[in-house]
Amino acid sequence: MDPRLLAMLKDAALTVLVAAALGIFIVGFRTVDVGARTGLSFDYEFVDLAVALVVIFFGRLGLSLASHGLRWPAIALGAVMIAVGASPMKLPSGFLHWFVALGGVLLLVRAIWPWANQAAAAAARTPTGRLLDQVGGRWLGWLLLAAAVAMPFTPFADQKTMDLGVLILTYVMLGWGLNIVVGLAGLLDLGYVAFYAVGAYAYALLSTQHGLGFWAVLPLAGMLAASFGILLGFPVLRLRGDYLAIVTLGFGEIIRLILLNWVDLTSGPAGIGSIPGPTLFGAVFAETAPAGKQTVAEMLGIPFSGIQRLIFLYYIILALALITNLFTQRMRRLPVGRAWEALREDETACKALGINPTNTKLTAFAIGAMFAGFAGSFFAAKQRFISPESFTFIESAIILAIVVLGGMGSQVGVVLAAVLLIGLPEWFRDLGNYRMLAFGLAMVLIMVFRPRGLIAHREPSVRLHPVASGGSG
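Here goes a summary of the coordinates provided. Since this is a predicted model, take the numbers as computed values, not measurements.

Looking now at the overall build of the chain. A tally of regular secondary structure across the chain gives 18 helices and two strands. Going through the 473 residues of the chain one by one, you find that 41% of them count as buried. Across the chain, contacts joining residues at least 24 apart in sequence account for 71% of those joining residues at least 6 apart. Carbon and sulfur atoms provide 68% of the accessible area of the chain, an area that totals close to 25,300 Å².

Here you go:
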């Protein structure tokens, strides 16, 4: 037997062993509620696990073939897997059909990717390719904006879709805020959710205890979160890299524990409920208005519909996200924005150029935290109930993943990553536990095929134009 083929078979078998060890307790067993008296019992799904391991074996073998330049055997293996997944043959679980077919599709993509990537790179070097790249990069953002504005008026804009759109835009805004700290200033922040929580609790407390409205509290929540950003910035002025990440992680946990244990102020684990939502010129989004107020439907003279509130919230978060984007783009062109990027590239060289790294770091933390505070205030107004469980470390990890996978410093990349990482798992929520496979698969695919992010190219803040001959500089 060919030694290369033998090595590939051994590698595929080892991959199956690792997958079996990790998956036997996740896929092989399932707890079932059989009644109040009996309690929980185990349901065994070893057949599903066995089919998945077979797919993993042949998928890993196909990947090894593709990596060794044996493209056609890998393509043939991927085609067979797609045919099996699409065939009417009976598999233990309906999800396995998708799993087998998806494995085949990924194998085909991996086999064809190097050739397609080289062809695309060669085409991009031509004058036509460069022109298309410039035009596409310029118009992609405008197309996404037009689609976002028109989305509530499309036929598929039901309550579920609108709620998902609000969720995605919330993470887009958070991603753009964190992009200032991580993508532009190069400061790894693992506690960004703390500022999100500060904004949410600021609105919840000021609205429920002092009767302030959403529009009055929104700037206050941003300023309070910015103050906490400066508070975090001072202890980490001399830290870089992993040490900076550890301190920011600790700061996020400190804020969460304060919210959890300061029961007199935050109600602790019970959270804060009955938070009023945003109003439109004093009118509320409800079927019946409280005493002394009127509903939006009465003010506009239209029939009441439950989706009206969601559409209003959608446009609020869209406007807040656009403000975040425009502000960031403007700041990038100012001296402070160029100082952020200089700090990201080399802090020592930044000092040598006369840039004050202390002020630069503090402005990045403060501005990034301010937009998180705005988003947190909106989150509390939308949910009408908040608790410390909404602001755990996993939220910071997801926001950071959106920034990194979208392409650090890329605004459009953050949008695409948020749609992929937030929209995909939520859209496939009906798959139950398997929906997190979509989340993990999206992250793995991006890291394999686009290791620098979906949009790794960033437009420079300043362009140096050559001086025309005979002209003055």
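So that's the structure; there's more coming.
One finds Ile386, Phe391 and Ile402 to be the most contacted residues of the largest nonpolar core, which totals 90 residues. For this core, the element with the highest residue contribution is helix H6 (residues 159–184), accounting for 15 residues.

The next point concerns the environment of Phe365. If you trace the backbone, Phe365 turns up in helix H15 (residues 357–383). Looking at Phe365, the relative accessible area reads 2%, which means it is buried. Phe365 sits 185 residues away from Ile180 along the chain, and the two C-alpha atoms are 8.1 Å apart.

Throughout the structure, instances matching the rule amount to five salt bridges. Salt-bridge contacts for Lys382 lead to Asp163; the nearest nitrogen and oxygen are separated by 3.2 Å. Of this pair, Lys382 sits in helix H15 while Asp163 sits in helix H6, and the two are 219 residues apart along the sequence. For Asp163, a relative accessible area of 33% translates into the label partly exposed.

Turning our eyes to something else, we now look at the environment of Phe379. Among the structural elements, Phe379 can be located in helix H15. Spatially, the C-alpha atoms of Phe379 and Tyr201 are 9.9 Å apart, while their sequence positions differ by 178 residues.

Basis of the calculations
- Residues numbered from 1 in each chain as written.
- Predicted model: local features only at pLDDT ≥ 70, side-chain atom pairs only at ≥ 80, totals over all residues.
- Heavy atoms only, no water.
- Helix = DSSP H or I, 4+ residues; strand = E, 2+ residues; numbered from the N terminus.
- Buried < 20%, exposed > 50% of the residue type's maximum accessible area, 1.4 Å probe, protein only.
- Contact = heavy atoms within 4.5 Å.
- Areas by Shrake-Rupley, 256 points an atom, 1.4 Å probe, with all protein chains shown as cover.
- Core = buried A, V, L, I, M, F, W, Y, C linked by side-chain atoms within 4.5 Å.
- Salt bridge = Lys/Arg side-chain N within 4 Å of Asp/Glu carboxyl O.

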